[in-house]
Amino acid sequence: MRMSFWEYQGTAHTGVARVASSMNGVHAVAYSPVGDCYINSMFTMMEREKRFPPVHTSVLDLKTMGMGINRLPESLREVSHDHNPDLIVVTQTCSSSLLQEDYGSLARQANIPNEVLIYAPNPFRVEEDESANGLLTVMVEQFAAMKLPPTSKPSVNIIGPISLGFHHKHDLLSLQRMLETMGIAVNVVFPLGATVADIKKLPQAWATIAPYREMGADAAIVLEKMHNIPAVTSAPIGVVATRKWVREVLESLNKFASGNGLTFDLKEPAIAAFSMDQKSAPSGLPWFTITADVQGYSSKKAFVFGDFTHAVAITRMLATELDMQIVGAGTYNRKLANEFRELVKPYTDNIICSSEFAEVRKAIGETLPDIVMGTQMERHTSAEFDIPCATISNPTHIEDFSLSYQPFLGYDGSNFITDRVYHTCTLGLEKHMIEMFGDAGLGVEEARLKANERGKIQVAPEPEAREQELEAYKIAEELRAKATQLAVESGAAVAVKAPPVAAITAELVWTDEAQKALKQIPFFVRPKVQKRVEEYARSHGYSLITLDLVYEVREKAQQ
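Residues numbered from 1 in each chain as written. Predicted model: local features only at pLDDT ≥ 70, side-chain atom pairs only at ≥ 80, totals over all residues. Heavy atoms only, no water.

Visitor: Any chance you could break down the overall build of the protein chain for me, citing the residues and the numbers?
Guide: Along its length, the protein chain carries 25 helices and 15 strands. A separation threshold of at least 6 residues defines the contact pool for the protein chain, and within that pool the share at least 24 residues apart is 72%. Summed over its atoms, the accessible surface of the protein chain is roughly 26,800 Å², and 54% of this surface lies on carbon and sulfur atoms. (Helix = DSSP H or I, 4+ residues; strand = E, 2+ residues; numbered from the N terminus. Contact = heavy atoms within 4.5 Å. Areas by Shrake-Rupley, 256 points an atom, 1.4 Å probe, with all protein chains shown as cover.)

This is how it looks when you write it as structure tokens:
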């Protein structure tokens, strides 16, 4: 395993801790050195959990290494005595895995009444998502093996929502709201809020919903194989995908009902039934896409990167529902690389399946999209390139564990994602409004001038200073003409580069005409145009940006 601050995923035992922290009556015990017990703070800080995470570290220290004293049995007895969970999951970290301990034998030495599950994936090869997803599958295989009669009314399991999942708690609310509209009960949600007893009830559902490919889909497929319970593994992200998902859920329930001699006559509800007021369209996205505001984004270049589920769904949604041009799409879930490539291939040829953030950063720099939809890492990269960015996947900052309702799934999620795209693209709208209507005495103009002083915006200087700049510009032009003449007289085959004006005038100056032309450019692309013009001016030795120079840059860009 490569240790680096810039990792998209945590370690395998982090995934185990996420499962345990999601559930009730389940405790994780990580056999590890002291340095590997950092993960507890993530749950209280990021997830805003009030309870202390049910994760215990059995410390691997010098006594263990030098004297052969293993603390794991003692740690299990402590957890049993202090917490008395229904299930203890024992896992390992990279350091402890090197000892090749027999965890089953050590657990038996503890002699505790609690059930113990040994789950120790290779920490050098398995990362956070794969580890958590694998544990969900193992728990279904172990605890949901017994066949039970189906519920009397149509019901579904929801597998996947998990602690520290990206907007998972809000997604769960969105799914439950849609299922209630469809007249379908929720049998079990797993692992979020579930107990071991709940896992045993999974075989009673008529279908299983697993919207996250990298988290819970495998468990749903295992449950389907074990009990013939249909698995719906598509992600309802976007209006089109959500409507397709609604029909897929109903078809799955029909399939189960017909196979088990049950009566099922639920029909697809009217689309308005999914809305908050039960009267209007549940999502404003279809209408929004034909408004003038969003038409302005049509054919804008977008770059998407994240976990498998969000990267695939957001790529498809941007391309098909917001008519954006996808200049790159990728995921860090490398084990699903082939499946990912197949799904995003219709929208872009530039596909990245990598956990190397530098590779993603390079791709963004080469494509220079108008918007990036990525993780917290892509936010940092985008800031460097001055490109708007919205987070659509883990890893992320605490701000994406919001207190307000912000789902990505379902019709509600379509509205939120559209708002996120729109707000990200329209950063700077306040400047546009100030330019149109003035600052209404709020002192914004003064603040803008201070920003200018910091180099944020370059404006024309005062008359006296401007005369000095113009004089410098004339001198530079004279030098340029002399240099060209010397080149001609000496028979040089190539033009001689004139002395850089920037060396004479330290800062670029926009003439009034050039500034007026800049302001006529749509506000959401204006900073990029300004940046390109100024880069062109510096590279060609200009310190004064005239209207002709702006036109020259535009012509170059159109070639």
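On we go from here.
Visitor: Tell me about the packing of helix α8 (residues 168–182) against helix α11 (residues 239–259), and name the residues and values.
Guide: At their nearest, the axes of α8 and α11 sit 12 Å apart, and the two run at 55 degrees to each other. One element, α8, and the other, α11, form an angle in the oblique class. The handedness of the crossing between α8 and α11 is right-handed. Across from L175, M178, L179 and M182 in α8, the residues of α11 making contact are T242, W245, V246, V249 and L250. Partitioning the contact of α8 with α11 into residue classes produces 8 nonpolar, 1 polar and no charged. (Axes fitted to C-alpha atoms, helices over the stretch in contact; angles between N-to-C directions. Parallel < 35°, antiparallel > 145°, perpendicular 65-115°, else oblique. Left-handed = near helix turned anticlockwise from the far one by under 90°. Nonpolar A, V, L, I, M, F, W, Y, C, P; charged D, E, K, R; others polar.)

Visitor: Could you give me a rundown of the sheet that holds strand β8 (residues 231–232), with the residues and numbers involved?
Guide: The sheet built from 4 strands is open, its strands ordered β6-β5-β7-β8 with parallel pairing. The open sheet has two free edges, formed respectively by β6 (185–190) and β8, since each of these has just one partner strand. The sheet contact formed by strand β7 (residues 207–209) and β8 spans 2 bridges and is parallel. Its bridge partner being in β8, I209 is matched across the sheet by V232. On the sheet, α8 packs against β5 (155–159), β6 and β7 and is oriented at approximately 170 degrees with respect to β5. (Pairing = 2+ DSSP bridges.)

Visitor: Could you give me a rundown of the pairing of strand β12 (residues 371–374), with the residues and numbers involved?
Guide: By the alternation rule, side chains of β12 split into I371 and M373 and V372 and G374, which are all buried. Where strand β9 (residues 301–306) lies against β12, 3 bridges are found, and the strand directions are parallel. Its bridge partner being in β12, F303 is matched across the sheet by V372. Here 3 bridges tie β12 to strand β13 (residues 389–391), and the two strands are oriented parallel to one another. Its bridge partner lying in β13, V372 is registered against C389. (Buried < 20%, exposed > 50% of the residue type's maximum accessible area, 1.4 Å probe, protein only.)

Visitor: Before we move on, can you summarise a nonpolar patch on the surface with the specific residues and values?
Guide: A surface patch of nonpolar side chains, about 310 Å² in accessible area, is lined by L173, M276 and Y405. Relative to the elements of secondary structure, Y405 occurs in the loop between β13 and α18 (410–425). (Patch = residues over 30% accessible without salt bridge, like charges linked within 9 Å, V, L, I, M, F, W, Y side chains within 5 Å. Salt bridge = Lys/Arg side-chain N within 4 Å of Asp/Glu carboxyl O.)

Visitor: Go over the side chain of T348, please, and point to the residues and values.
Guide: Tracing the sequence through the fold places T348 in the loop between α15 (337–344) and β11 (351–353). Side-chain polar atoms of T348 contact the backbone nitrogen of N350, separated by 3.1 Å. If we ignore the near neighbours within four places in the chain, the residues touching T348 are I326, V327, G328 and A329. (Polar contact = N/O pair within 3.5 Å; in protein donor to acceptor, adjacent residues only side chain to side chain.)

Visitor: Explain the packing of aromatic side chains to me, and be specific about the residues and the numbers.
Guide: Enumeration according to the criterion identifies 9 aromatic pairs in this entry. A ring pair is formed by Y8 and F305, whose centres lie 5.2 Å apart and whose planes are at 50 degrees; its orientation type is tilted. Of this pair, Y8 sits in the segment before α1 (12–22) while F305 sits in strand β9, placing them 297 residues apart in sequence. Summarising the burial analysis for this pair, Y8 and F305 share the class buried. Summarising the aromatic geometry, the rings of F308 and F340 are spaced 5.9 Å apart at their centres and angled 65 degrees between planes, so their arrangement reads as edge-to-face. Taken together, the residues F308 in helix α14 (residues 308–320) and F340 in helix α15 connect sequence positions 32 residues apart. Accessibility assignment for this pair places F308 and F340 in one class, buried. In this structure an aromatic cluster arises from ring pairing among Y8, F305 and Y332. (Phe/Tyr/Trp six-rings, centres within 6.5 Å; stacked < 30°, edge-to-face > 60°.)

Visitor: I'd like a description of α11, backed by residues and values.
Guide: With 21 residues, α11 should cover 30 Å at 1.5 Å per step; its first-to-last C-alpha distance of 30 Å lies within 8% of that length. Of the residues flanking the end of α11, it is G261, one or two places downstream, whose phi is positive at about 65 degrees. (Expected span 1.5 Å × (residues − 1).)

Visitor: Explain the nonpolar core to me, and be specific about the residues and the numbers.
Guide: Formed by 91 residues in total, the largest nonpolar core has its most connected members in M139, F190 and L318. In this view, M139 contacts V19, M23, L87, L117, A144, F190 and I199; residues no more than four positions away in its chain are not counted. (Core = buried A, V, L, I, M, F, W, Y, C linked by side-chain atoms within 4.5 Å.)

Visitor: Please set out the pattern of salt bridges residue by residue, giving values where relevant.
Guide: In this structure the tally under the stated criterion is 14 salt bridges. Across the salt bridge formed by R18 and D129, the nearest N and O atoms sit 3.5 Å from each other. Within this pair, whereas R18 is found in helix α1, its partner D129 is found in helix α7 (residues 128–143), the two being separated by 111 residues in sequence. Using a relative accessible area of 2% as the deciding quantity, one classes R18 as buried. In this structure, the salt-bridge partner of R361 is E384, at a minimum N-O distance of 2.4 Å. Of this pair, R361 sits in helix α16 (residues 357–367) while E384 sits in helix α17 (residues 376–385); the two residues are 23 residues apart in sequence, bridging distant segments of the chain. Through salt bridges with shared partners, a single ionic network connects R18, E128 and D129.

Visitor: Please give an account of the confidence of the model for the protein chain that cites residues and values.
Guide: For the protein chain, per-residue confidence averages 83 on the pLDDT scale, and 79% of positions sit at 70 or higher. Note on residues 439–445: pLDDT is under 50 here. Beyond four places in sequence and across chains, it has 4 contacts. (pLDDT = per-residue confidence, 0-100.)

Visitor: So what's going on with the side chain of T375? Residues and values would help.
Guide: Along the chain, T375 falls in the loop between β12 and α17. For T375, the side chain forms a polar contact with the main-chain nitrogen of M377, separated by 3.1 Å. Beyond its immediate chain neighbours, meaning those up to four positions away, T375 contacts Y8, F305, G306, Y332, T391, S393, N394 and P395.

Visitor: Can you explain the environment of I271? Please cite residues and give values.
Guide: Along the polypeptide, I271 turns up in the loop between α11 and α12 (285–288). A C-alpha to C-alpha distance of 6.9 Å links I271 and P282, two positions 11 residues apart in sequence. With residues near it in sequence (within four places) discarded, I271 still touches R243, P282 and Y411.

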